[in-house]
Amino acid sequence: MNALVLTAFLLGLVSSLHCIGMCGPIALMLPVDRNNPTKKATQILTYHAGRLTAYASIGFLFGMLGKGFFLAGFQQELSIVVGILMIAVILIPERIFARYNFSKPIFRLISHIKTILGNQFKRKSYSSLFTIGLLNGFLPCGLVYVALFGSIAMQSIGFGLLFMVLFGLGTIPMMSAVVYLNSFLTIPVRNKIQKIIPIVTVLIGILFIFRGLGLGIPYISPSNLNLFIQEHPSCH
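Here we summarise the structure given alongside this text. For clarity, every value in this text was computed on a predicted model and none was experimentally measured.

1. Thoughts on the overall build of the protein chain
In terms of helices and strands, the protein chain carries 10 helices and 0 strands. Each helix and strand of the protein chain, placed in order from N terminus to C terminus, yields the pattern α-α-α-α-α-α-α-α-α-α. Out of the 236 residues belonging to the protein chain, those deemed buried represent 44%. Sequence separation of at least 24 residues holds for 79% of the intrachain contacts in the protein chain that already meet a minimum separation of 6. By element, 70% of the accessible surface of the protein chain is carried by carbon and sulfur atoms, the whole surface being about 12800 Å².

2. Here's the deal with a nonpolar patch on the surface
Side chains of Ile199, Leu203, Ile206, Phe210, Leu213 and Leu215 sit close together on the surface and give an oily, nonpolar patch of about 530 Å² of accessible area. With respect to the element layout, Leu213 can be found in helix 10 (residues 196-213). Residue class for Leu213 comes out partly exposed when judged on its relative accessible area of 42%.

3. So, helix 2 (residues 37-71)
Its 35 residues give helix 2 an end-to-end C-alpha distance of 49 Å, which sits within 8% of 51 Å, the value for a rise of 1.5 Å per residue. The N-terminus of helix 2 is capped by Asn36, whose side-chain oxygen sits 3.2 Å from the backbone nitrogen of Thr38.

4. Observations regarding the environment of Ala177
Its location among the elements puts Ala177 in helix 8 (residues 157-180). On the accessibility criterion, Ala177 (15% relative accessible area) is buried. As a C-alpha pair, Ala177 and Ala27 span 150 residues in sequence and 9.6 Å in three-dimensional space.

5. A word on the packing of helix 2 against helix 7 (residues 142-153)
At their nearest, the axes of helix 2 and helix 7 sit 7 Å apart, and the two run at 45° to each other. Taken as axis vectors, helix 2 and helix 7 run oblique relative to one another. Read as a crossing pair, helix 2 and helix 7 show a hand that is right-handed. Within the contact between the two elements, helix 2 uses Tyr55, Ile58, Gly59, Phe62, Gly63, Leu65, Gly66 and Phe69 and helix 7 uses Val144, Leu148, Ser151 and Ile152. Its residues assigned to classes, the contact of helix 2 with helix 7 comprises 8 nonpolar, 4 polar and no charged.

6. Side note on the environment of Leu148
Relative to the elements of secondary structure, Leu148 occurs in helix 7. Distance from Leu148 to Gly63, taken between C-alpha atoms, is 8.8 Å for residues 85 residues apart in sequence.

Thresholds applied
- Residues numbered from 1 in each chain as written.
- Predicted model: local features only at pLDDT ≥ 70, side-chain atom pairs only at ≥ 80, totals over all residues.
- Heavy atoms only, no water.
- Helix = DSSP H or I, 4+ residues; strand = E, 2+ residues; numbered from the N terminus.
- Buried < 20%, exposed > 50% of the residue type's maximum accessible area, 1.4 Å probe, protein only.
- Contact = heavy atoms within 4.5 Å.
- Areas by Shrake-Rupley, 256 points an atom, 1.4 Å probe, with all protein chains shown as cover.
- Patch = residues over 30% accessible without salt bridge, like charges linked within 9 Å, V, L, I, M, F, W, Y side chains within 5 Å.
- Salt bridge = Lys/Arg side-chain N within 4 Å of Asp/Glu carboxyl O.
- Expected span 1.5 Å × (residues − 1).
- Polar contact = N/O pair within 3.5 Å; in protein donor to acceptor, adjacent residues only side chain to side chain.
- Axes fitted to C-alpha atoms, helices over the stretch in contact; angles between N-to-C directions.
- Parallel < 35°, antiparallel > 145°, perpendicular 65-115°, else oblique.
- Left-handed = near helix turned anticlockwise from the far one by under 90°.
- Nonpolar A, V, L, I, M, F, W, Y, C, P; charged D, E, K, R; others polar.

Spelled out as structure tokens, the structure:
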């Protein structure tokens, strides 16, 4: 399996520390049964299923975009650009990004999603938990954008979808721990662990750049002829 796809799980695992700050309050407010451990676990899994569905759907769309670049012959250049963007997101100070409201064009849509999300917390059904997870997955997040860069670079609809699903799976352990171990995940602990996030993201970005260079290094930078797993052309 493409090694870059496997990095998606690692990215999700590490970035979930960032998710605690952004989506942790949502996880803590989930309308789950606090007195029935088994039911509580299935409810939390239902919430995560909604998140994974959201990630899979956007992974599918960005995978289609990536395949378009692949068919146009830009696979190596795209991998390099994606790696640079991943590193740039980490190295450029956040205050610079704050000057630009990238979400402004879809602000009304996001506001509508948040309104629906708020209404779902009033219910305690499995469908509401799934909907909360689904809407949660569509909310803007810097590290989800980083994962989407990787999804585009997969140059395959299937691998683009898989990349985002594995990213989502990587966030599940820590997001579940928020519900069960909230007292342990204090602010000092979160701050210490979050220092790992930029390091791992930069390393993954460097890996994408090396893959795009096609240096002929097995597993790290294979030649451009087998840079990615390609689909066999259909017979005519």
